[in-house]
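What the coordinates show
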Amino acid sequence: MTRPASENELPQLYEQMLLIRAYEEKIVEASAAGKVPGTCTSVGQEAAAVGVVNALGGADLILTNHRSAAHLIARGADPGRLLAEVMGRSAGYCQGKSGSLHISVKELGVVLTSTIVGAELSLATGVALAQGMLGKPGIVVCFFGDGAACEGAFHESLNLASVWNLPILYVCENNQWQAFVHRRETMRRDHVADWAVPYDIPARTVDGNNVEAVLAAARAAAAEVRASGRPFLLETYTYRSRGHFEPDDQAYVDPAERAAWAARDPIAACRDRLLATGRLTASQDAALADKVQSRIAVALAFAEASPYPALSEMTTDVYA
Ligand SMILES: Cc1ncc(C[n+]2csc(CCOP(=O)(O)OP(=O)(O)O)c2C)c(N)n1
């Protein structure tokens, strides 16, 4: 039994998306000013992340990739500690030693961020196997991109997860781009969901820019994984609105493509639905925007005030 987003949920999902956008825009601004290292952002993909993460339970484990900020914030990570991590400060979730590309938050069940494209897929197989052997509850959720789906690790992992009956919810964020290459150049088909079927894994594609649709699809998918104990692949069809990393002027992107997707921005679409149905007023919207901006300003001040790790700690918490 799955539930669609309720009346009360949509404003909360909207606020989470606003917070994620404000966090990543602050990184863009601060990195342009030389204060923060540039990162890979997920601007434009907020609905995909928020919809999926809000469909999960507390015992579920998440493995994610280089665009993990939205997954982390939707899971409840503190933007101040995330920013501190990106800035290499000791108040960061990994004591400033992971940066944005390796961050994990054990207490939130975010097992890892993988900067090796596709590694999250093979590691999810092992995490799900271990969960089962240890008798732990919770499914494993693995976020990856369409580029990762073009790697051998995707096919090996899906095959093994199917043969071994592993409870993994695969979430492909098909954002059309693979670094500086459009997925048209690397895939014959538009949808990664098609590739799950030969492995006997049920799959569906959902509009990744509609947070309510993603939430409903992710709830149904997670329920199916729990009931069957088997994998499921959910593809969120979305768009990476900014460059591969910061800075990136996206000179390689057709301006018409960018404009078409900008017109489908997930946050603007959600705002329009909330306003049109009277669940949000313009003044409440302005207050929410102020609220998230001040939260991010506090987060940046917190991160900037945090010291760098001591030299004596340089080799602790690291394994390579
Ligand atoms: C194994 C490996 N190959 C190449 C790279 C360089 N790289 C980093 S991100 C990226 C594109 C990944 O595309 P996709 O999986 O679609 O994720 P997206 O960046 O679109 O979110 C590439 C090629 C890498 N980090 N790891």
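Since we're looking at a predicted model, the values are computed, not measured. (Residues numbered from 1 in each chain as written. Predicted model: local features only at pLDDT ≥ 70, side-chain atom pairs only at ≥ 80, totals over all residues. Heavy atoms only, no water.)

To continue, consider the site of the ligand. Near the ligand you find 15 residues, and of these H66, R67, T115, G147 and W177 are the closest. In the model, an oxygen atom of the ligand is placed 2.9 Å from a nitrogen or oxygen of the A148 main chain. Contact distances for the ligand include 2.9 Å between an oxygen atom and a side-chain N or O atom of N175. For the ligand, whose free accessible area comes to 580 Å², the fraction covered by protein is 70%. (Near = heavy atom within 4 Å. Polar contact = N/O pair within 3.5 Å; in protein donor to acceptor, adjacent residues only side chain to side chain. Areas by Shrake-Rupley, 256 points an atom, 1.4 Å probe, with all protein chains shown as cover.)

Before going further, it helps to examine the packing of helix α5 (residues 119–133) against helix α7 (residues 152–163). Taken N-terminus to C-terminus, the directions of α5 and α7 make an angle of 20 degrees; their axes are 8 Å apart at the nearest point. Classed by the angle they form, the pair α5 and α7 counts as roughly parallel. For the crossing formed where α5 meets α7, the hand is left-handed. Judged by residue contacts, L121, S122 and T125 of α5 engage A153, F154, S157 and L160 from α7. A class-by-class count of the residues in the contact of α5 with α7 yields four nonpolar, three polar and no charged. (Axes fitted to C-alpha atoms, helices over the stretch in contact; angles between N-to-C directions. Helix = DSSP H or I, 4+ residues; strand = E, 2+ residues; numbered from the N terminus. Parallel < 35°, antiparallel > 145°, perpendicular 65-115°, else oblique. Left-handed = near helix turned anticlockwise from the far one by under 90°. Contact = heavy atoms within 4.5 Å. Nonpolar A, V, L, I, M, F, W, Y, C, P; charged D, E, K, R; others polar.)

Locating L169 in the fold gives a position in strand β4 (residues 168–174). Taking the relative accessible area as the measure of exposure, L169 reaches 0% and is therefore buried. Taking the C-alpha atoms as reference points, L169 and V53, separated by 116 residues in sequence, lie 11 Å from one another. Excluding its chain neighbours within four sequence positions, the residues that come into contact with L169 are I139, V140, V141, C142, A221, A222, V225, F232 and L234. (Buried < 20%, exposed > 50% of the residue type's maximum accessible area, 1.4 Å probe, protein only.)

Let's shift gears to the pairing of strand β3 (residues 140–145). Successive residues of a regular strand alternate their side chains across the two faces of the sheet. Buried residues dominate β3, accounting for six of its six residues. The alternating pattern of β3 places V140, C142 and F144 on one face and V141, F143 and G145 on the opposite face, and all of these are buried. Where strand β1 (residues 61–65) lies against β3, three bridges are found, and the strand directions are parallel. Each residue of the ladder has a partner; that of I62, found in β3, is V141. In this sheet, β4 lies alongside β3 in parallel orientation, the contact comprising six bridges. By the bridge assignment for β4, F143 is matched with V171. (Pairing = 2+ DSSP bridges.)

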